[in-house]
Amino acid sequence: MSRNKRMMTRITYVVVALLSLLLRGLESTELHAKKPSDEDYPLPLVPFILHCVNAADSTVKECGDQLPLNRPELTRKVGRPPVSYNTALQESPYRTTVDSESVISFVCCYVNEKSGKWLAKLPKREKNRPYVIWMEEHGWTPNEELTTREDVIFFGFDLRDYALKGSDHPPLPGFVFPPPIPGSYNPMEGCPTNRHYFLGFKGKRNLGIHDSSYIRRDLIDAWANYTPDPKLNIYFEMLLPGQPYNPHGPSFFQLMNTSYALCPRGHGRWSYRFGEILERKAIPVVMSTGWILPFQNLLDWKKGAIMIDESVALQGFDKIVEQLPKDPATIKKKLDYVCNVVPKYLGDYKVTIKSAIAAAMRAAEEERGASFVGKTL
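### Some thoughts on the packing of aromatic side chains
- All told, the structure shown has 26 aromatic pairs when counted by the stated rule.
- On the numbers, 5.4 Å between centres and 25° between planes, the contact of phenylalanine 155 with phenylalanine 175 is stacked. Of this pair, phenylalanine 155 sits in strand 5 (residues 152-156) while phenylalanine 175 sits in strand 6 (residues 174-176), and the two are 20 residues apart along the sequence.
- Residue phenylalanine 155 is classed as buried on the basis of its relative accessible area, which comes to 2%.
- Judged by relative accessible area, which is 0%, phenylalanine 175 ranks as buried.
- Ring geometry for phenylalanine 157 against tryptophan 270: centres 4.6 Å apart, planes inclined by 50°, an arrangement best described as tilted.

So this is what it looks like as C-alpha cells:
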C-alpha cells in the first residue's frame, strides 16, 4: 500500500471515530423517562415530553432548557432545597426528550384568542397521547376548534372563565392544577387534633375582577353583625386596602392552628390561601362559587374540605358557621384526610408534578375516551 493510501486510511479511521463519538455525545443529551426504584406514588404514571410551540406555523419541538410553563407563579421557588413547578417538570424522572417515547405532551400556553388559533393547528396526536395545555384564566370565548379536539385537554388554576360570575361558564375539559404556595414550603409536623381555633381567617378585602365577586366585602358585613358563640373560638380579620393588621392579633402560623380555615376567593376564583391552609393541615372552608378544587379527579374533597356558596355570606356569618361540623369525630376524620391522604397527591412540587401526570391521564380517559393500558412505566 502506498504512503498516500495509508494516510487516507488513517484519516478515514479518525473521521469515523470522531463521528462515532459525536453521535454518542448527541445520544447522551437525550433524556429517557424511567420510574424511580424508590417510587411510592399511589398511581401508575406515563412518560411525558415538554413541547414548545412555534406560533408562526404551530410546529412543536422539545423545550430543552426553555421554561415549559412561562408564568411567574410557576417559576417561583419554594421549599428546601427551593424548587419551582417548572424545575420539577424539567427534572422529573418521567420526562423524556424523545417524542416517540412520550405518552402525554405538556404545552404552554392558552392565554388569549390569538394563542387559541395557533394552538388549534397543533400537529395531530392520538387521543391516547394527548396534549395537556396550560390555560390562563381567560376573558374570551374559547376556541371551539381547539377545545373540542379529542387529543387535547387543559390544566390551570381555574378551568372556568374568571371574568364571569359563579358557574356561568362551563369548565374546559381537563383538571385543576393547585395554586403554588407563596412562601417557603413548611408543612406542619404531625396532625394534632386539639386545635386552638375552631375557625380562622385574616386577609385583605380583594374584590373579584370585573365585579365577578364581592364575597370578601360581604364577609366583612356578615362578621360585623355576628354574635360569637362562646363555645367556638373564631378569629376573623379582613383588612381594607392599606390597613395594617392588628398588632395584638395572632400571627398567620398561630392562626393556622385551627380546625377550619376560611378560604374565600379574591380577584379570581382560585386563591394562594388554599395551599397555605393545606400546608398547615387545616380543613379548607372554600367560598368560591364555580371553582373546581385541585386534582378534582384524584381527590375526594368532600372528605377533607367544606364548600360553601358565596351567597351564604349575605345570610349572615352564623349561617356559615352552621355548615361546619362541630362534633370531634367528624372534625378528626376530615383532618385525617387532609393530613394523611392529600399529601400523597398534593405536597411538595415533585409529588404535585406526579399528580399532574396522573390527573392528565384520568381526564383524558374520562373526557376523551383515551386508554393508557400498557403505556405506564
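### Observations regarding unusual backbone geometry
- Cis geometry is adopted by the peptide bond preceding cysteine 109, which originates at cysteine 108 and carries an omega value of 0°.
- Looking at the element boundaries, cysteine 109 is found in strand 3 (residues 104-110).
- Phi at histidine 210 takes a positive value of approximately 55°, unusual for a residue other than glycine.
- Mapped onto the secondary structure, histidine 210 falls in the loop between strand 7 (197-204) and helix 6 (215-224).
- Among the residues examined, histidine 210 registers a relative accessible area of 55% and is labelled exposed.
- In the Ramachandran plot, phenylalanine 295 falls in the positive-phi region, its phi being about 50° despite a non-glycine side chain.
- Mapped onto the elements of the fold, phenylalanine 295 is located in the loop between strand 10 (283-287) and strand 11 (306-307).

### Description of the pattern of salt bridges
- The tally for this structure, following the rule as stated, stands at eight salt bridges.
- With its nearest N and O atoms 2.6 Å apart, the salt bridge here joins glutamate 62 to arginine 95. Taken as a pair, glutamate 62 in strand 2 (residues 59-62) and arginine 95 in the loop between helix 3 (85-90) and strand 3 lie far apart in primary sequence, 33 residues in all.
- Taking the shortest distance from any N to any O, the salt bridge between arginine 125 and aspartate 99 comes out at 3.1 Å. Of the two residues, arginine 125 is situated in the loop between helix 4 (113-119) and strand 4 (131-135) and aspartate 99 in the loop between helix 3 and strand 3; the sequence distance between them amounts to 26 residues.
- On the basis of relative accessibility, which here comes to 11%, the residue arginine 125 falls in the buried class.

Thresholds applied
- Residues numbered from 1 in each chain as written.
- Predicted model: local features only at pLDDT ≥ 70, side-chain atom pairs only at ≥ 80, totals over all residues.
- Heavy atoms only, no water.
- Phe/Tyr/Trp six-rings, centres within 6.5 Å; stacked < 30°, edge-to-face > 60°.
- Helix = DSSP H or I, 4+ residues; strand = E, 2+ residues; numbered from the N terminus.
- Buried < 20%, exposed > 50% of the residue type's maximum accessible area, 1.4 Å probe, protein only.
- Salt bridge = Lys/Arg side-chain N within 4 Å of Asp/Glu carboxyl O.

Read these as spatial facts, not as claims about activity.
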